[in-house]
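Here is what each chain is made of, one letter per residue.
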Amino acid sequence: MSMMLDMRGIVRRFGHVVANDAIDLDVAAGEIVGLLGENGSGKSTLMKVLFGMLPPDAGTISFRGQPLTGHTPAAAMAAGIAMIHQHFMLVDAMTVAENVMLGWRDAGRLLRRKEMADRIRDVSRRFGLDLDPDARVAALSLGRRQRVEILKAILRNAELLVLDEPTSNLASAEVAELLTVLRRLRQEGKGIIFISHKLPEVLEICDKVVVLRAGRVTGRTSVAGASQGMLAEMMIGRDVTAPRPPMVASSPGPARLSVKDFLAPGLARLSFEIRRGEIFGVAGVDGNGQIELVEALAGLRPAGSGAITIDGHDVTRASVAARLTRGLAYMPADRGTTALVKTMSVAENLMLRDSGRPPYGHGLLLTRGPANAKARALMADYDIRARDPSFIAGRLSGGNQQKIVVARELDRRPAVLIAHQAAWGLDPGATHFVLDRMLALREAGAAILYVSSELEEVLAISDRIAVMARGGFAGIVPRGEVDPRQLGIWMAGRAA
Amino acid sequence: MIEFLAAAIRIATPLALAALGGILSERAGVFAVGLEGMMLAGAFAAAIGAWATSEPIAGLLLAPLGGGVIGLAVAIVAVRFRADNMVTGLAVNVLALGLTSYLMRILASGGRPVSMRLPLLTALPIPALSDLPVIGPLLFAQPPLTYLTALGCLLMTLFLNRTQAGLTLRATGENPEAVFASGGHPARVRMLAVIACGAVAGLGGAVLTLQQVGTFTDGMTGGRGYMALAALIVGRWTPWGAAAACLVFGAAEAFELRLQSFGVPVSSYVVQMAPYLIALTVLAGLGQSSKLPAAIGQPLPSTR
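Residues numbered from 1 in each chain as written. Chains lettered and ligands numbered in written order. Predicted model: local features only at pLDDT ≥ 70, side-chain atom pairs only at ≥ 80, totals over all residues. Heavy atoms only, no water.

**Thoughts on the packing of helix α10 (residues 224–234) of chain B against helix α11 (residues 239–261) of chain B**
All names here are of chain B.
So, step 1. Where α10 meets α11, the closest approach of the two axes is 7 Å, and the angle between their N-to-C directions is 130°. Comparing the axis directions of α10 and α11 gives the class oblique. In this structure, α10 crosses over α11, and the sense of that crossing is right-handed. In this structure, α10 uses M227, A230, A231, L232 and V234 to contact α11, whose residues at the interface are A242, A245, C246, F249 and E253.
So, step 2. Its residues placed into classes, the contact of α10 with α11 shows nine nonpolar, no polar and one charged. (Axes fitted to C-alpha atoms, helices over the stretch in contact; angles between N-to-C directions. Helix = DSSP H or I, 4+ residues; strand = E, 2+ residues; numbered from the N terminus. Parallel < 35°, antiparallel > 145°, perpendicular 65-115°, else oblique. Left-handed = near helix turned anticlockwise from the far one by under 90°. Contact = heavy atoms within 4.5 Å. Nonpolar A, V, L, I, M, F, W, Y, C, P; charged D, E, K, R; others polar.)

Now the structure itself:
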């Protein structure tokens, strides 16, 4: 079969780090190729080389029979390669049509609005994109916005579409729609590179998979006959999807966190207890009261009525600081704004909560020496890959940033941990790490509230599972009695 | 009544031109705080041109240059070197005031400013239309820059909504990354927009020297640039909206002048405060609903 894209022996070094080590990648017309790999495995570098954002140190690229060397992103686009970024490059305040026309020659210097709107409707119908040219992007769901990007690519005659983590921001119904659109594109003979670390999707949509690890191809297989475990093993050198050793039923200790008849804006009346050595998992579609619940427990939102107690002490109206001294720890979902100060160093972020206590400080003064020593110890323990404690947190990968949060909160040996989307956006290796730490904390006797919209994570570590819908719990089941269908009904039937 | 409306239009014209310039700058994502300085430099350049040649047309040609130089300064400092928009704008306003006052004294070479008497641009009545009752003398017997202002509103609206360049400019103010991703150059767009802003605001300044006052005095714009800034916000960053806001400000000022001339004991300071008071009231009323271009004031990433 003649290949649409043919990348041969691509090498790219950054200093002495080899980000791409002799990588081959082929894509045929009408083929979806999955590009799998953890963060830092070299996927982005390879795509930047393809798109002309980075020149390769060695290797050749040929696209539709023409060599591509020393090209710019503009030349790549002109040749028919389109990149659909994880963060959409759209202007929210403008309409779909205006976004399509932006920077597009065919739209004319004097914009041919009507003709463009017709072409948009046409393509939208042909590929099942369901887009209205006059809709404002700000009013569209993330899934629709992504389809605007796909629409732009199709109208600009792209033959090869590169989708970078296309499902990471989508709700599951939208993921299904996206996959339908991709199948349509495949039928029309487009080539697609599907970058992801979500194995089920890759298995569902791709024809073949290329797996990268540490800059090398560690696996190349047709999807037929491949399994998740096999791919995961290629990706990180061990199988993280394997069922964990069955969790030792922890001795049912006394309740550490107890919530009784609790009411707050955005929440239905809630009552639950989490006991010593128990992980209470909360699943459900985002936006059903999760943020309200965790922030109320953490003391960031005022309680309406009811009572929250930690180890028997009433903290319903206690300040954040008072809750912390009672042994509460909180890992917020948005590590970028609530959990970390991105412009400060790793060490400073690690001491945020406890800067007044040894080893970080003494009275009003910070003790830099011991604080740095402590930071180094935590970096080693929690595998935070930064050059040194003074490295700026915002420059680390998402996984390493989250490890800072995990290290800080877990090192306080909390009695109660509230973890919200603790593995959000992390690759399987880092997710595995976070989940393992939760289990270790459970062993140590803490009560853990683990809130996540990734059902698999919740199922993997929870002793009891609740599903949140419309601000309340649609149901709670112990680990042994989970019926996935029932969970699905709870989630879907009453999801906002 | 006609006189009152004529006064309102007269007062609104320089504001509206400056606001048109400001729209270019702000919709491209750069706060137009420097409008005051751009107007003043334009007024000065217009005065010099007309004074040196005794031809108001020469002044008209120089005015955009004067304003454009200030625009260039803002573009270099705020876009190229990514400095804070507010501080940069305020700085060029003070710079323009000092520079024009200084140059006036150099010209006189005696340490005292020259006193200029400039030929004014005369009214150009449009045949037939100007004979209409009431609206004829009001709308169709105006000096050239007033026509230009109305035409400017029309052209600017078409430019922003109907051309690829206008679309790119608006996108740069909303999401420069998107412009970059579609093959554009956000930094270039912003620099050109700010320079064009200076040129148009410079014409606004020329209205004062060439069409109304007939001379240049130190700091003669007297805060009109800030009023134009308020007008373009009240007008929601649209040309016609901003022009309408300028007319409201103009009417308020004309009304106060009237009161004074009828001997109503109103302090001239109250007169001067009134338009700003209106602007503040309107701004407070609009509050958060006056939606700014999303990326305004945000410097571009250094690589773009």
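Having seen it, we continue.
**Re the pairing of strand β7 (residues 160–164) of chain A**
All names here are of chain A.
So, step 1. Counting buried positions over the five residues of β7 gives four, a clear majority of the element.
So, step 2. Where strand β6 (residues 81–84) meets β7, four bridges bridge the pair, whose relative direction is parallel. Pairing of M83 across the sheet is with V162, part of β7.
So, step 3. Here β7 runs beside strand β8 (residues 191–196); their pairing, made up of five bridges, is parallel. The residue bridging L161 from the neighbouring strand is I192, located in β8. (Buried < 20%, exposed > 50% of the residue type's maximum accessible area, 1.4 Å probe, protein only. Pairing = 2+ DSSP bridges.)

**A few points about the UniProt feature "transmembrane region" (unreviewed entry) in chain B**
Residues and elements named next belong to chain B.
So, step 1. UniProt records the feature "transmembrane region" (unreviewed entry) at residues 28–52, 59–81, 87–108, 145–161, 192–214, 226–250 and 262–284, using the numbering of this structure.
So, step 2. End C-alpha to end C-alpha, residues 87–108 measures 32 Å, and it is 100% helix and 0% strand.
So, step 3. Within the segment residues 145–161, helix and strand shares are 100% and 0% respectively, and the terminal C-alpha atoms sit 24 Å apart. (UniProt positions renumbered as here; feature names shortened; annotations may be inferred.)

**Regarding the packing of aromatic side chains**
When we look at a pair of aromatic rings, we describe it by the centre distance and by the angle of the planes.
So, step 1. On inspection of all chains with the given rule, the structure shows five aromatic pairs over all chains.
So, step 2. Between F272 of chain A and F473 of chain A, the ring centres sit 5.5 Å apart and the planes meet at 65°, which makes this aromatic pair edge-to-face. In this pair, F272 of chain A is assigned in strand β12 (residues 270–275) and F473 of chain A in strand β22 (residues 472–478), connecting sequence segments 201 residues apart. Each member of the pair, F272 of chain A as well as F473 of chain A, is classed as buried.
So, step 3. Summarising the aromatic geometry, the rings of F44 of chain B and F216 of chain B are spaced 5.4 Å apart at their centres and angled 75° between planes, so their arrangement reads as edge-to-face. Of this pair, F44 of chain B sits in helix α2 (residues 35–53) while F216 of chain B sits in the loop between α9 (186–213) and α10, and the two are 172 residues apart along the sequence. Taken individually, F44 of chain B and F216 of chain B each receive the classification buried, so the pair is uniform in this respect. (Phe/Tyr/Trp six-rings, centres within 6.5 Å; stacked < 30°, edge-to-face > 60°.)

**Details of the confidence of the model for chain B**
So, step 1. The predicted model of chain B has a mean per-residue pLDDT of 89, with 94% of residues at 70 or higher.
So, step 2. Scored by ipTM, the complex comes to 0.86, with pTM at 0.74. (pLDDT = per-residue confidence, 0-100.)

**Some thoughts on the domain arrangement of chain A**
Many descriptions give the size of an interface as the accessible area lost when the pieces come together.
Residues and elements named next belong to chain A.
So, step 1. When its domains are assigned, chain A resolves into domain 1 (3–236) and domain 2 (255–491).
So, step 2. Using only C-alpha atoms to locate each centre, domain 1 and domain 2 end up separated by 35 Å.
So, step 3. Of the roughly 600 Å² buried between domain 1 and domain 2 on both sides combined, carbon and sulfur atoms contribute 49%.
So, step 4. Linking domain 1 to domain 2 there are zero residue pairs in polar contact (both at pLDDT 80 or more).
So, step 5. Of the residues that constitute the side of domain 1 that touches domain 2, the class distribution is three nonpolar, three polar and two charged. (Domains from an automatic or database assignment. Buried area = accessible area lost by both parts, 1.4 Å probe. Polar contact = N/O pair within 3.5 Å; in protein donor to acceptor, adjacent residues only side chain to side chain.)

**Some details on the pattern of salt bridges**
Residues and elements named next belong to chain A.
So, step 1. Applying the stated rule across the entire model yields 33 salt bridges over all chains.
So, step 2. Here R147 makes a salt bridge to E177, at a shortest N to O gap of 2.9 Å. Here the residue R147 occupies a position in helix α5 (residues 142–155), and E177 occupies one in helix α6 (residues 172–187), the gap between them amounting to 30 residues.
So, step 3. Relative accessible area serves as the criterion here: at 5%, R147 is assigned to the buried category.
So, step 4. Classification of E177 as partly exposed rests on a relative accessible area of 39%.
So, step 5. Where salt bridges share partners, they join D6, R8, D24 and D26 into one cluster. (Salt bridge = Lys/Arg side-chain N within 4 Å of Asp/Glu carboxyl O.)

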